[in-house]
Amino acid sequence: MSAIKYPGARRDDSAIDDYHGTKVPDPYSWLEDPDGEETKAFVEAQNKITVPYLEKCAVRKQFQARLKEMWDYPKYGCPFKRGSRYFYYYNTGLQNQSVLYVQDSLDAEAKVFLDPNKFSEDGTVSLRGSAFSEDGEYFAYGISKSGSDWVTIKFMKVAGAEQLPDTLEYVKFSCMSWTHDHKGMFYNRFPEPETKADGTETTANLHQKLYYHVIGTDQSKDVLCGEFPDHPKWMPGAEVSDDGRYVILAIREGCDPVNRLYYCDLQTVEHKVTGVLPWVKVADNFDAEYEYIANEGTVFTFKTNLNAPSYKLINIDFSKPEMDQWTDLVPESETDVMEWSACVNEDKLVLCYLHDVKTELYLHELKTGKRVTTFPLDIGSVVGYSGRKKDLEIFYQFMSFLTPGVIYHCDLTKDKLEPTVFRQIKVKDFDPSGFQTDQVFFTSKDGTKVPMFIVYKKGIPMDGSHPVLLYGYGGFNISITPSFSVSRIVFMLHLGGILAVPNIRGGGEYGEIWHKAGTKEKKQNVFDDFQCAAEYLIENKYTSAAKITINGGSNGGLLVGACVNQRPDLFGCAVSQVPVMDMLRFHKFTIGHAWTTDFGCSDDKEGFDYLIKYSPLHNIKKPTDSVVQYPAILLLTGDHDDRVVPLHSLKFMAQLQHTMGSDPQQTNPLFIRVDTKSGHGFGKPTAKVIEETSDIYAFIAENVKLEWRDK
């Protein structure tokens, strides 16, 4: 028998689903009820074995103490101007939530404008989304409890930071855009749920609608501006144009970078929003993405991937909106992906590109699209930006694996554009010069070249002895660019670790072609890329299989789940956070239906055929080689995760413990940690993050046999 006694879980052998003639058992379907007494007992029994194990891990106390010490550094966001005032987010170091400050000028004294730490005692109520009125005199902000995607919108008068009584409920995945008369704001809400809506429920989120709220009125009086009852999955987001005359409506159906494009000229309704707006359809299909950047009168500039998988800027004249009249303003680059664009100083465009996963920043002319200048950057990522059409200056924040943050300021009214350092963020007792970052390109199973960042302490011998944290995501067009992480620094500094981040397919690192190469029937490419990254690290003597920990969250948690099933021999440890594990039923819960654009869907025979091949829940099996066991596994989820509901993790762990738990070969632990008052990760208080991260690295150190080093 294995050394660990796992709690048993009832198997319901009568629970069998029929997919297009194929019978698939679902013995733990009862775990899909978050409120069931049996589910609660299962969670409690799992935590009872996991928590004491984590607390006893040898390096946990040292790791947590050092992590807390290093985490305690000041964190700033880019200043942004609204009306006549400047605002910025600031965290002194260990505050649970960052605080919003206001100042009359960049040199004036900064005062607290809104402190989310006062929302709750334990920091589990966070700020989620905000929008100032055009004159900067009103402020709308969203509040999320326990990490749930549900948001309550509140309002303030900026002068005197006065709270207003207006409250908007049943809000989730919402736009927030004010009309320029400062009287009200467009936002999205769902119909009032039949059951609860606190983030612990699993019911599907359908029929989102667009509303307009007038300041000083009750939510029941809000004006319905757009609804699509025949299309329950549509999500209509509104944005008021820079000149205040138009409302741009971008309708999405899933997570693909595509949207329908409608608009309303508010002059046609005399700038009064009294009912469903007379929407004019510009692009009434899901063929491409159209993101509003700026407009001069009726000529609108959009960022699009229409016939441009690496994105470009186009102009559409709303007075002659036919597609054959559209023109390219900034053509697609042959080598780089356009990440975002913003209009500033009335007639300039800031363009941010990704070149081999490294950020490049440029200034162009709005009128001609011509490049004016390049902003110098080290190798890393631009993680923050502020500057709108009416602003004469920009701020942008740079970060890398070894740079916690530098905020630059550039005055665009000067003849010579010279960005200056506005703020340099420093971590005490950390010298980045002792580390190095390499970018390598390895070959995947099908011959594709895949980039990978490797970060490590300078001068270590490449003898295959080092522990590696291999982190991946690979989905939803999301690019994993260099970012600073204190916990990873502690791992490298005190546990002798190496960080490896491969930019596997499914992400947006090389545009829509790279994204599509890791979706639906091609999803296996993502797992192959990740496994080939591990093999590259072994072949090149960074590490050995027993010393590799794989880690990912959400879609990256699915990556970890699929890879431990496919290659249990290739990793010593696996940490899967808030993962998607049941690929046959994910679309039935909360917002899961939106992910079918990346994953496909088991309702279709073709979708079922490729999903069943890798779905982590359905591919747990004893390794054929009798000396191979599953790596040490830690799953982490939260009771208020209404993005990827906890049932994915619960069912996977029940099945894994059932299959491997009593196998004498399986000496590596198979654990799940279920946190309370915790969601998918957004807005998680610092104290909880430090606690969870300490658990993760203590588990890794225990299972790949690492000892603490003071330096």
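Quick look at the structure, then. Since this is a predicted model, take the numbers as computed values, not measurements.

All right, on to the packing of aromatic side chains then. Applying the stated criterion across every chain, the model contains 57 aromatic pairs. The interplanar angle of 5 degrees and the centroid separation of 5.1 Å between the aromatic rings of tyrosine 19 and phenylalanine 608 together place this pair among those described as stacked. Separated by 589 residues along the polypeptide, tyrosine 19 in strand E1 (residues 16-19) and phenylalanine 608 in helix H8 (residues 605-614) bring together distant segments of the chain. The residues tyrosine 19 and phenylalanine 608 share a single accessibility class, namely buried. Pairing tyrosine 246 with phenylalanine 300 gives two aromatic rings, centres 5.0 Å apart and planes at 90 degrees, and the pair type is edge-to-face. Separated by 54 residues along the polypeptide, tyrosine 246 in strand E17 (residues 246-252) and phenylalanine 300 in strand E21 (residues 299-304) bring together distant segments of the chain.

Quick look at unusual backbone geometry now. Phi is positive for histidine 20, which is not a glycine, with a value near 55 degrees. For histidine 20, the location among the structural elements is in the loop between E1 and strand E2 (22-25). Of note in this structure, lysine 541 is not a glycine but carries a positive phi near 65 degrees.

Further remarks concern the pattern of salt bridges. Taken as a whole and judged by the stated rule, the model has 41 salt bridges. When the shortest N-O distance is used, the salt bridge between arginine 585 and glutamate 32 registers 2.7 Å. You can see arginine 585 sitting in the loop between strand E37 (573-577) and helix H7 (596-599) and its partner glutamate 32 sitting in the loop between E2 and helix H1 (37-56), a full 553 residues away along the chain. Neither arginine 585 nor glutamate 32 differs from the other in exposure class; each is buried. Here lysine 48 makes a salt bridge to glutamate 44, at a shortest N to O gap of 3.7 Å. Placement of both lysine 48 and glutamate 44 in helix H1 is noted, with a separation of 4 residues, approximately one turn of the helix. Under the relative-accessibility criterion, lysine 48 is labelled exposed at 60%. Put simply, Arg60, Arg673, Lys684, Glu691, Glu692 and Asp695 are held in one network by salt bridges that share partners.

Turning next to the pairing of strand E33 (residues 449-457). Most of E33 sits inside the fold, with 7 of its 9 residues counted as buried. The pairing of strand E32 (residues 435-443) with E33 spans 9 bridges and is antiparallel. Opposite glutamine 439, over in E33, you have phenylalanine 453 as the bridge partner. Between E32 and E33, which pair antiparallel and follow one another directly, the connecting turn spans 5 residues, one of which, glycine 447, has a positive phi of 95 degrees.

Let us now look at the sheet that holds strand E9 (residues 138-145). If you trace the 4 strands from one edge of the open sheet to the other, you get E8-E9-E10-E11, paired in antiparallel fashion. Every interior strand has two partners, whereas the edge strands, strand E8 (125-132) and strand E11 (162-171), have only one. The average angle at which neighbouring strand axes cross in this sheet is 25 degrees, direction not considered. The pairing of E8 with E9 spans 6 bridges and is antiparallel. Residue pairing in the sheet places leucine 127 in a bridge with isoleucine 143 of E9.

What follows deals with the side chain of serine 381. Summarising the element assignment, serine 381 is placed in strand E28 (residues 381-386). A polar atom in the side chain of serine 381 sits 3.0 Å from the side chain of threonine 481. A distance of 2.6 Å separates a polar side-chain atom of serine 381 from the backbone oxygen of proline 482. Beyond its immediate sequence surroundings of up to four residues, serine 381 is in contact with Thr359, Gln397, Phe398, Met399, Thr481 and Pro482.

Attention now moves to the sheet that holds strand E29 (residues 393-399). Spatial ordering of the open sheet is given by E28-E29-E30-E31, a layout of 4 strands whose pairing is antiparallel. What marks the edges here is a single partner per strand, and that holds for E28 and strand E31 (420-424). Within the sheet, the average angular offset between the axes of one strand and its neighbour, ignoring direction, is 25 degrees. Examined bridge by bridge, E28 and E29 share 5 bridges and lie antiparallel to one another. Note that in E29 the partner of glycine 384 across the bridge is glutamine 397.

Attention now moves to the packing of H1 against helix H9 (residues 647-660). Where H1 meets H9, the closest approach of the two axes is 12 Å, and the angle between their N-to-C directions is 65 degrees. At the point where H1 passes H9, the crossing takes the left-handed sense. Contacts from Thr39, Phe42, Val43, Gln46 and Ile49 of H1 reach H9 at Leu650, Met653, Ala654 and Gln657.

Ranked by size, the top nonpolar core spans 117 residues in total, and within it Met452, Leu470, Ile550 and Phe599 carry the most contacts. Of the residues forming this core, the biggest block, 8 residues, is contributed by helix H5 (residues 524-539). With sequence-adjacent residues up to four places away left out, leucine 470 is seen in contact with Met452, Ala500, Pro502, Phe530, Ala533, Ala534, Leu537, Ile548, Thr549, Ile550 and Asn551. Core analysis: the second largest hydrophobic core is formed by 19 residues, Val223, Val247, Tyr262 and Cys264 among them.

Conventions we followed
- Residues numbered from 1 in each chain as written.
- Predicted model: local features only at pLDDT ≥ 70, side-chain atom pairs only at ≥ 80, totals over all residues.
- Heavy atoms only, no water.
- Phe/Tyr/Trp six-rings, centres within 6.5 Å; stacked < 30°, edge-to-face > 60°.
- Helix = DSSP H or I, 4+ residues; strand = E, 2+ residues; numbered from the N terminus.
- Buried < 20%, exposed > 50% of the residue type's maximum accessible area, 1.4 Å probe, protein only.
- Salt bridge = Lys/Arg side-chain N within 4 Å of Asp/Glu carboxyl O.
- Pairing = 2+ DSSP bridges.
- Axes fitted to C-alpha atoms, helices over the stretch in contact; angles between N-to-C directions.
- Polar contact = N/O pair within 3.5 Å; in protein donor to acceptor, adjacent residues only side chain to side chain.
- Contact = heavy atoms within 4.5 Å.
- Left-handed = near helix turned anticlockwise from the far one by under 90°.
- Core = buried A, V, L, I, M, F, W, Y, C linked by side-chain atoms within 4.5 Å.

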